[in-house]
Amino acid sequence: NGAWSVQLVHPSFGIGAGVDNIDVKIDAVRWTIRRAKALGLLIAPIYEVADFWRGRHHTRLSELTYADGVYKGRITVGKLPARRFSLEFGDNIASFTDNTSSTKSIDGRRVAFDLILPAGAVIAFEAKVATGGK
């Protein structure tokens, strides 16, 4: 569903004397990482996730328009850099152009920047809708 999931593993030894479940916990973490990689999910330390949200907090969209299958607008990054910034459109996107040197990945309706967008940056963009739209 696109939600963030966090896995927290405590270094405990189970319930009762002589119960050692560390190996089970390590195996569960390994399984989770393998499965997440197979699904193409982001695997990142919690401080990177916090940086993502801090950078997004004051980042704003403006001058948004849509006409003839093309979205246009402006992204203004807040006072902190925006890591892994992404946009979600109402239609599948065929191409995305902007005034940064960042490469972008397009996955259906989502466009994600590969570079960290610097604090205060103003980015003009144009997103062309894929044939068939949704």
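What you see is a predicted model, and the numbers here were worked out from it, not measured in a lab.

As a further point, take the sheet that holds strand E1 (residues 60–67). As summarised here, the arrangement of the 4 strands in space is E1-E2-E7-E4, forming an open sheet in which the pairing is antiparallel. Whereas interior strands pair on both sides, the edge strands pair on one side only; in this sheet they are E1 and strand E4 (93–98). Sheet twist, expressed as the average angle between the axes of neighbouring strands with direction ignored, equals 15 degrees.

Before going further, it helps to spend a moment on the pattern of salt bridges. Any two side chains of opposite charge can pair, so long as their charged atoms come close to each other. Overall, the coordinates contain 9 salt bridges when judged by the stated rule. For Asp51, the salt bridge is made with Arg54, and the minimal N-O distance between the two is 2.8 Å. Here Asp51 and its partner Arg54 are both found in helix H2 (residues 46–57), 3 residues apart, which amounts to about one turn of the helix. Judged by relative accessible area, Asp51 falls into the partly exposed class, the value being 25%. Here Asp98 and Lys104 are joined by a salt bridge, their closest N and O atoms 2.5 Å apart. Accessibility expressed as a relative area gives 23% for Lys104, which makes it partly exposed.

What counts, and where the lines are drawn
- Residues numbered from 1 in each chain as written.
- Predicted model: local features only at pLDDT ≥ 70, side-chain atom pairs only at ≥ 80, totals over all residues.
- Heavy atoms only, no water.
- Pairing = 2+ DSSP bridges.
- Helix = DSSP H or I, 4+ residues; strand = E, 2+ residues; numbered from the N terminus.
- Axes fitted to C-alpha atoms, helices over the stretch in contact; angles between N-to-C directions.
- Salt bridge = Lys/Arg side-chain N within 4 Å of Asp/Glu carboxyl O.
- Buried < 20%, exposed > 50% of the residue type's maximum accessible area, 1.4 Å probe, protein only.

All we've got here are geometric facts, nothing functional implied.
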